[in-house]
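# Coordinate analysis (summary)
Here is what each chain is made of, one letter per residue.
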Amino acid sequence: MMKAAVIEEYGSADRFVIKDVEQPGLEDGQILVSNRASSVNPVDTLVRQGKTKLITGLFGEHIIGSDFSGVVVETKSKKFKVGDEVFGFKNALKGHAYAQLVAVDEDNAALKPEGLSFTEAAALPLAASTAWQGMTDDGKLQPNSNVLINGCTGGVGTAAVQIAKHYGCTVTGVCSTANVEFAKTLGCDKVIDYKTEKVPENEQFDLYFDATGNYTISDVKNNIAPDGMFVSTRGGMQDVKSTLQGAADLLLQSKMKIVHVKPQTADLQKLQLLVDQGKLKPYIAATFGLEDLQQAHEMQEKGGFTGKIAIAIEE
């Protein structure tokens, strides 16, 4: 048996219940991880609220959570051995990371960066992979490009800024008034406070990366260079009108991409290398225990913080 945070029905953050549940079994190509830490991602709150229940199931108990970091205690994989310290993330719609033990496909994990604690490592996988795949794969990021990152102080945004600086890019970050100084410490060459100013209409970027997911290319097309790309985590799909516009743009605009992040060992290894080289670090706004997931999810939904919310899990 193991302890896990279970939601017995979808809804508000107070639906989490700590229960003893059966530990997961292993299939070929999987590892069983003694999970020391996880984190909260925006998608985790959507799953909890039931906004994905057509995929995750209409009824029954669910263990959600994407990111994991811990020690391999059983293996049916040739890539990992018992005792390896690993980190990674599971498909958010499958979840199961808010638990003491997690069964993980070998392609969803990599060796944990040695210089990070389990809690720090758990703050990186999904968010940093979203930034990496969105910028390098979808955005075709090139060295020394002119890049704008909207939402530069959130979980995805902090990683995006660091990745762009690794590529030698000039980075303009967009954030709220309270986070301007933090954005500068991240490495942003210019910071725009969206509460008091707008992105200049005559300024164009090789990559416009919207880590908030609030915009579609129609909203910012004047800021996209002739050979530039607009990449979003959600494509501005917030209500019926914006969803229709975002869907139309995605079909018609060859310069727009929406990130569909996938857990991949190769990308996690690239992130591990950047951490080891001192070019990427996690920023943790707060750490909660597994039994305090309600407060963690409420903080995530309220917003306004920088970096990620981590979840520490006892052995």
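Remember, it's a predicted structure, so these values are computed and weren't measured experimentally.

## Here's the deal with the overall build of the protein
Each helix and strand counted, the protein has ten helices and 15 strands in total. For 315 residues, the compact-globule estimate of 2.2 N^0.38 gives 20 Å, and the protein sits close to it at 19 Å. Counting over 315 residues, the protein shows a buried share of 55%. Intrachain contacts of the protein at a sequence separation of at least 6 include 66% that bridge at least 24 residues. For the protein, the exposed area adds up to about 14400 Å²; of that, 49% sits on carbon and sulfur atoms. Where the 31 positive side-chain charges of the protein centre and where its 40 negative ones centre are 4 Å apart.

## Some words on the packing of aromatic side chains
Counted under the stated rule, the structure contains five aromatic pairs. Considering the side-chain rings of Trp-132 and Tyr-167, the 6.4 Å spacing of their centres and the 55 degrees angle between planes classify their relative orientation as tilted. One end of the pair, Trp-132, is in helix α4 (residues 125-138); the other, Tyr-167, is in the loop between α5 (155-166) and β9 (170-175), with 35 residues separating them in the sequence. Given a relative accessible area of 8%, Trp-132 falls into the buried group. Grouping aromatic residues by their ring pairs yields a cluster made of Phe-205, Tyr-208 and Phe-230. Stacked on the ring of Phe-118, the Lys or Arg Lys-112 has its end atom at 5.2 Å from the ring centre.

## Quick look at the environment of Glu-197
Looking at the element boundaries, Glu-197 is found in the loop between β10 (190-193) and β11 (205-210). Placed 13 residues apart in sequence, Glu-197 and Asp-210 show a C-alpha to C-alpha distance of 17 Å. In this structure, Glu-197 is in contact with Val-191 and Ile-192, ignoring residues within four places of it in sequence.

## Details of the pairing of strand β14 (residues 284-289)
Judged from the five bridges that link them, β14 and strand β15 (residues 308-312) form a sheet pairing that is parallel. Each residue of the ladder has a partner; that of Phe-288, found in β15, is Ile-311. Remark: the β14/helix α10 (residues 293-302)/β15 crossover connection has right-handed handedness.

## Topic: the nonpolar core
By size, the foremost hydrophobic cluster in this structure holds 40 residues, and its most contacted members are Met-135, Ile-149, Leu-207 and Phe-209. Counting only elements with at least two residues in this core, the list comes to α4, β8 (146-150), α5, β9, α6 (180-186), β11, β12 (224-232) and α9 (265-276). The dominant element in this core, judged by the number of residues it contributes, is α5, at six residues. If we ignore the near neighbours within four places in the chain, the residues touching Leu-207 are Met-135, Gly-139, Leu-141, Asn-146, Val-147, Leu-148, Met-229 and Val-231. Val-6, Ile-7, Val-40 and Ile-313 belong to the second largest nonpolar core, which has 27 residues in total.

## Brief notes about the pattern of salt bridges
Going through the model one piece at a time under the given rule, you end up with 14 salt bridges. The salt bridge involving Glu-85 is made with Lys-112; its shortest N-O contact spans 3.6 Å. Of this pair, Glu-85 sits in strand β5 (residues 85-89) while Lys-112 sits in the loop between β7 (109-111) and α3 (118-122), placing them 27 residues apart in sequence. The class of Glu-85 is partly exposed, set by a relative accessible area of 37%.

## Details of the packing of α4 against α9
Two quantities define a packed helix pair, namely the angle between the axes and the distance from one axis to the other. α9 packs onto α4 with a crossing angle of 100 degrees between their chain directions and a minimal axis gap of 10 Å. Taken as axis vectors, α4 and α9 run roughly perpendicular relative to one another. Where α4 approaches α9, its residues Pro-125, Ala-128, Ser-129, Trp-132 and Gln-133 are matched on the opposing element by Asp-267, Leu-268, Lys-270, Leu-271 and Leu-274. Class assignment for the residues of the contact of α4 with α9 results in six nonpolar, two polar and two charged.

Reading guide: rules and limits
Sequence order as written defines residue numbering, which begins from 1 separately in each chain. Reporting of local features is limited, given that this is a predicted model, to residues whose pLDDT is at least 70; pairs of side-chain atoms are given and counted only at 80 or more, and all residues count toward the totals for whole chains, interfaces and linings. Side-chain measures here rest on the full set of heavy atoms in the structure, leaving out hydrogens and waters. Counting from the N terminus, the helices are the DSSP runs of H or I reaching at least four residues and the strands are the DSSP runs of E reaching at least two. Atoms considered for the radius of gyration are the C-alpha atoms alone. The globule rule reads 2.2 Å times the number of residues to the power 0.38. The buried label applies to any residue whose accessible area, calculated with a 1.4 Å probe on protein chains only, is under 20% of its type's maximum; exposed applies above 50%, and partly exposed to all values in between. The contact criterion used is simple: two residues touch if any of their non-hydrogen atoms lie within 4.5 Å. Surface accessibility follows the Shrake-Rupley procedure with a 1.4 Å probe radius. Residue values consider only the protein chains on display as shielding. In this tally, Lys and Arg are treated as positive and Asp and Glu as negative; His is ignored, and so are the chain termini. In plain terms, the charge of a residue is placed at NZ if it is Lys, CZ if Arg, CG if Asp and CD if Glu. Side-chain rings of Phe, Tyr and Trp (the six-membered ring for Trp) are treated as a pair once their centres are within 6.5 Å; stacked means planes under 30 degrees apart, edge-to-face means over 60, and tilted covers the remaining angles. Both a distance and an angle decide whether a charge sits over a ring: NZ of Lys or CZ of Arg must be within 6 Å of the ring centre and within 35 degrees of the ring normal. Each pair of strands is called paired provided DSSP finds at least two bridges between the two strands. Orient the strands so they point away from the viewer, and a crossover whose first-strand-to-second-strand path over the helix runs clockwise is right-handed. Think of a nonpolar core as a cluster: buried Ala, Val, Leu, Ile, Met, Phe, Trp, Tyr and Cys residues, connected wherever their side-chain atoms sit within 4.5 Å. We define a salt bridge as a contact between a side-chain nitrogen of Lys or Arg and a carboxyl oxygen of Asp or Glu at a distance within 4 Å. Comment: axis = line fitted to C-alpha atoms, over the contacting stretch for helices; angle = value between 0 and 180 degrees taken between N-to-C directions. For classification purposes, angles smaller than 35 degrees are called roughly parallel, those larger than 145 roughly antiparallel, those between 65 and 115 roughly perpendicular, and all remaining angles oblique. For this classification, the nonpolar set comprises Ala, Val, Leu, Ile, Met, Phe, Trp, Tyr, Cys and Pro, the charged set comprises Asp, Glu, Lys and Arg, and every other residue, Gly included, is treated as polar.

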